[in-house]
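Residue-level structural notes
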Amino acid sequence: MGTLLQDLRYGVRMLRKKPGFTIAAILALALGIGANTAIFSVVYAVLLSPLPYKDAKQLVWIWETKPASGIKTEPASLPNYTDWKNQGQSFEGMTAFIGSTLTLTTNDGGEPERIPTTYVSANFLTVLGTTPQLGRAFVEEENEIGKHRVVLLGHSLWQRRFGANPQIVGQTITLSGNQYTVLGIMPEGFKNPTPDQSKPAQLWAPLPVKLDPAQRRSDFLSVVARLKPNVTPEQAQAEMNTITSRLEQQYPDSNTGWSTKLVPLHERMIGDVRAALWLLMGVVGFLLLIACANVANLLLARSAARQQEIAIRRALGADRWRLVRQFLTESVLLALCGGFLGSLLAMWGVEVLVALSPQNIPRLGEINLNWQVLAFTLFISLATGVVFGLLPALHATNPNLTESLKEGGRSSTEGLRGAHLRNSLVVSEIAIALVLLIGAGLMIKSFVRLQEVDPGFHPERILTWDVGLPSAKYKEDAQVVGFYNQFMTRVAAQRGVESVAGISALPLSGGGDVVSFEVEGRPIAAVEGQSVDAEYRVITPAYFATMGIPLVKGEGITERHTADVPAVMVINETFARRFFPGEDPIGKRLNLGDPQTAPWRAIIGVVKDVRHEGLDTEPYPQMYSPVAQFPRRAMTMVARTSTDPMAIVPSVRSELSAIDRDQPLYNVRTMEQVLAASIARQRFNMLLIAVFASVGLVLAAVGIYGVISYSATQRTHEIGIRMALGAQTRDILRMVVGQGMLLALIGVVVGLVAAFALTRLMSSLLYGVTATDPLTFIGLSVLLAVIALLACLIPARKATKVDPMIALRYE
C-alpha cells in the first residue's frame, strides 16, 4: 500500500511538471470517455436494463402472422384472443389492450382535453405485476358492456387536473360525454408495454367485450402473456401452434394460413432501435480508440525525454516491472481524470441526447446517469489507462538501453523501435477515422436519399389536427356527417384558408386499418401468393385536392357521394397494379365484409401512391371511401393555407368551440412537422454518427500532426546538415510531408479494408445506398488524405525555417 501511495504521489508530480501534456491528454480522453458514457446510458436504459414490470423476463408479446401472404406481424382479433386465453396452459395470464383517446370535460370551466386512453382486459395489471397506487384494479365483470364505465387515472393526470386529491377515487368524471367512476390511481411512472411511448396513456378503462364470430379477422388487439415459471418460450410457442392449428380447422374461412408468433416483451419494446444503438456504441468505441492512440503517442514522446531518468532508476536497482507499474500509475491517473471530466461532459451530453432524440424511441424517459452507467465509466477509464499506457510503459522500460541509445545516434530520439510504434499508432488512427467517416458518409447519403423520396403529396402550408366525436353525443351517422360538413364550411371561410378536408388516418402516421376484400366475380385464388387486403381510409370531399395528391384515372370523392347513392371508393396505383394487372379497374366492385350484408363498392378513380407508413416503406394497396357513406367519429382534419398554417389555429379553435364547446383542438401540427417526425430517427442516427466521425477526424489529424512535428523536431540536426549541404526548401518539404503521407496512405488502405467489412453491419439502417457505395469510399478516402496532407504541411513548413547553424549545434 505504501508503494502504491508513493507511485501515486510521484505520478501526480510528473503530471504537474508538464501541464500542457497533461491537459491535452485529459481533454482527448474526456471526449472519448464522455461520448462512450453518454451513448452507454442510452444503450443501458433501452437495451440492457430490465423492464419495469415484475419478473419481466416471463412476459411475451403474441402476434398473429401469415407468412404466405407476407404478413409478419398482425394484432389479434377479440375472438382469437379469447380462444388463446381459454385454451392456453403455458401462461399464468394473458391480457389484451388497445390504445384510444377520450375527451375529459369538467364543470369548473376548464378546457376540454383529449386524453390518451388504453382499453384493457380486466387482468391487465395482474399480468404485468402492477397494482394501483390508490383504489383497486378492474374485475372481470367490468369488461361486460354496461358495467365498463369505470376508469383508472394516470398519476400525472391525477396531479395535473385533480390536484392529487385522493378523494377523487369513487367519484365520477365525464369522459366523451359519458360518466365514468374513478376506481383508482396508477403508480407514478407506469407506462404501457408498447414501443412508442411518446404519448403515454393517462387513462385506463375496461375493454368492452362482445364476441362476434364475424369479427374473427378484425385484428386490433395487442396481446401480452405471462409464462408460467417452469415454461420456456419455445414450449409456449409449440402450444400456441397447436391452438392456432385447431382454430384453423374450426374456422377455415377466417383462420386458414394464420399462425402465432411469440416474442419476448423486451424485444418487442425495443423495436428496431437495437441495430442503431449498437452501431452508435461501436462508433464511440472507435472514437475512444483514436483518443487512446493520441495519448499513447504523447506518452511515447514523453518517455523518450525520460530515458536518463529511467536509466538512473534501473542503475539504482529498480526492476522493469517496478518501472512499468509507475508508468501505468501515471496513465491510469490520466484516464481517471479524463473519466471524471468525461462524466461531466456526459451529464450534459445525455440531456442533449434526450432533447434531440425522436420521441418514439422506446424507454426514452428512463435514460440517465445511474450507478450502472457510472460503474461503466469507471471501468472504461481504468481499462483505457491500461490500454494506452501499457505499450509506452513497456517501450520506455526496455532493458536494452544501450542499444536504444545507439539507434538514436547523437540525437535524443528514442530509437527506431519507438518511431515504428508511433507510426503504427498513427496508421491505426487514420484507419479508424476513415471507417468512421465512411460510416457517417453512408448515413448522410442514405438520409439525403430518404428526403428525396416523393411522399405522394405536397406538405407545404398544411395544418393538421385531430377531432374525436363521442358516440354518447353523436349517436347517429347523420349527426357525424353534419358536424364535419358544418365544421369544414366554417374553417374554409377563414382568412388564409384555401381548402379543408379530413381523413381517418393521416399519411406517414402509421395508422389506418388493413382490411380484406373480395373482388366481384373473381375468386380469391386468382391472386394466390399475395395478401388479399389493403389499407383502408375514409376521407371527406376535397381531400386529394387539399393534400395535392394527383388523380391518375377516373374521378375523386365529391359532395355527391352521399349515403343516398351507391357506395364508391378510390384506389391507389399499387392496388391497381397488384389486383388489376393489365386491365382497367374503373367500374370494378369490391366488398369489404360479408357479401350478403355489406355493400358492394364501385371503384371510381385511381390516385397516386401515398407513403402512409414511412418514406422508407413502399406504398401498400390503399382504398379510400367517402365519410358520408361510411362515417367515422375520429378524423384528422387538414387545411391548406396561403400563409403560415399555425396562424389559423386560433380561428380553427374558435370555430370548433362555436359548434361544440366540449370538443378540444388537439394534436395540432403542420404536415411538414409530420414529415420531419417520420424521419426523425434516421436524422438522429445520421447526426450523431456524423458528429462523432468529425471528432474522430480532428483527433486523427491532431495525431498525425503531432507525430510529424515530433519527428521533424527530432531530425533538426539532420535537417541542418542537409540544408548546409545545399538542400532546398522543397526538398525538406518533400522529405517531411512524404513521411507523413506515407503513414496516411497506409492508414487509408487499412481503413478501406476495415470499412468494407464493417459497414455491412449497418445495411439495415441504410436507404437507397449500398453499404459498399464506391463513391462514398473513394470520396472520403481522398478527403482524409487531403486533411492528412494539411496536417503534415504545418510542421513541414516549420522545419524549412530552421537556421542551419543552430540546427548543427542541436542535440
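How each quantity is defined
Residues numbered from 1 in each chain as written. Predicted model: local features only at pLDDT ≥ 70, side-chain atom pairs only at ≥ 80, totals over all residues. Heavy atoms only, no water. Helix = DSSP H or I, 4+ residues; strand = E, 2+ residues; numbered from the N terminus. Buried < 20%, exposed > 50% of the residue type's maximum accessible area, 1.4 Å probe, protein only. Areas by Shrake-Rupley, 256 points an atom, 1.4 Å probe, with all protein chains shown as cover. Phe/Tyr/Trp six-rings, centres within 6.5 Å; stacked < 30°, edge-to-face > 60°. Salt bridge = Lys/Arg side-chain N within 4 Å of Asp/Glu carboxyl O. Patch = residues over 30% accessible without salt bridge, like charges linked within 9 Å, V, L, I, M, F, W, Y side chains within 5 Å. Axes fitted to C-alpha atoms, helices over the stretch in contact; angles between N-to-C directions. Left-handed = near helix turned anticlockwise from the far one by under 90°. Contact = heavy atoms within 4.5 Å. Nonpolar A, V, L, I, M, F, W, Y, C, P; charged D, E, K, R; others polar. Pairing = 2+ DSSP bridges. Lys, Arg positive; Asp, Glu negative; His and termini not counted. Polar contact = N/O pair within 3.5 Å; in protein donor to acceptor, adjacent residues only side chain to side chain. Core = buried A, V, L, I, M, F, W, Y, C linked by side-chain atoms within 4.5 Å. Expected span 1.5 Å × (residues − 1). Arc of directions from axis to C-beta.

Within the protein, the regular secondary structure consists of 24 helices and 24 strands. Sorting the 811 residues of the protein into buried and exposed places 52% on the buried side. For the protein, the exposed area adds up to about 36200 Å²; of that, 59% sits on carbon and sulfur atoms.

For the rest of this paragraph, the subject is the packing of aromatic side chains. For the structure on display, the rule yields 18 aromatic pairs. Taking 5.8 Å as the distance between ring centres and 45° as the angle between the ring planes, the aromatic pair formed by Trp-61 and Trp-63 counts as tilted. Each of the two residues, Trp-61 as well as Trp-63, counts as buried. Ring centres 5.8 Å apart and planes at 40° place the aromatic pair Phe-483 and Phe-487 in the tilted group. One end of the pair is Phe-483 and the other is Phe-487, both in helix α15 (residues 477-492) and four residues apart, which spans about a single turn.

What follows covers the pattern of salt bridges. Counted according to the given criterion, the structure contains 18 salt bridges. Ionic pairing is found between Glu-535 and Arg-537, a salt bridge with its closest N-O pair at 3.2 Å. By relative accessible area, Glu-535 is classed as buried at 5%. On the accessibility criterion, Arg-537 (1% relative accessible area) is buried. The structure contains a network of salt bridges with shared partners spanning Glu-113, Arg-160 and Arg-161.

With phi around 60°, Arg-461 is a residue other than glycine that occupies positive phi space. Phi at Asn-667 is positive, roughly 55°, even though this residue is not glycine. Relative to the helices and strands, Asn-667 resides in strand β24 (residues 666-670).

A contiguous nonpolar patch, built from Ile-778, Val-782, Val-786 and Leu-790 and spanning about 370 Å² of accessible area, is present on the exposed surface. Structurally, Ile-778 is set in helix α23 (residues 774-800). Given the relative accessible area of 56%, Ile-778 is considered exposed.

Packing of α15 against helix α18 (residues 649-659) leaves a shortest axis separation of 10 Å and a crossing angle of 145°. Viewed along their axes, α15 and α18 form a crossing whose handedness is right-handed. Across from Phe-483, Gln-486, Phe-487, Arg-490 and Val-491 in α15, the residues of α18 making contact are Val-652, Glu-655, Leu-656, Ala-658 and Ile-659. Of the residues belonging to the contact of α15 with α18, the class tally is seven nonpolar, one polar and two charged.

Burial analysis of strand β22 (residues 622-626) places five of its five residues in the buried class, which makes it a mostly covered element. The alternating pattern of β22 places Gln-622, Tyr-624 and Pro-626 on one face and Met-623 and Ser-625 on the opposite face, and all of these are buried. Bridging between strand β17 (residues 533-539) and β22 involves five bridges; their strand directions are parallel. Bridge pairing links Glu-535 to Gln-622 in β22.

Now for the side chain of Arg-226. Looking at the secondary structure, you find Arg-226 in strand β11 (residues 219-227). It is Glu-92 that comes nearest to the buried, bridge-free Arg-226 among opposite-charge side chains, at 4.5 Å. At 2.7 Å, the side chain of Arg-226 forms a polar contact with the backbone oxygen of Lys-54. In this view, Arg-226 contacts Lys-54, Asp-55, Gln-58, Leu-59, Ser-90, Phe-91, Glu-92, Gly-93, Val-127, Leu-128 and Gly-129; residues no more than four positions away in its chain are not counted.

Another point: the nonpolar core. Ile-39, Leu-334, Phe-388 and Tyr-543 are the most contacted members of the largest nonpolar core, which has 125 residues in total. By residue number, the principal contributor to this core is helix α14 (residues 416-451), which donates 17 residues. Apart from residues no more than four positions distant in its own chain, Ile-39 is found in contact with Leu-280, Met-281, Val-284, Leu-353, Leu-688 and Phe-692. Residues Val-515, Tyr-536, Met-569 and Leu-665 belong to the second largest nonpolar core, which totals 42 residues.

The end-to-end C-alpha distance of α15, which contains 16 residues, comes to 23 Å, matching closely the 22 Å that a straight helix rising 1.5 Å per residue would cover. Every buried residue of α15 is accounted for by Val-480, Val-481, Phe-483, Tyr-484, Phe-487, Met-488 and Val-491. When α15 is viewed along its axis, its buried side chains cluster within an angular range of 155° and face the same direction. Across from the buried face of α15, at angles greater than 90 degrees, the exposed residues are Ala-478 and Thr-489. In the core, the buried residues of α15 are packed alongside β13 (462-468), β14 (497-503), β23 (634-641) and α18.

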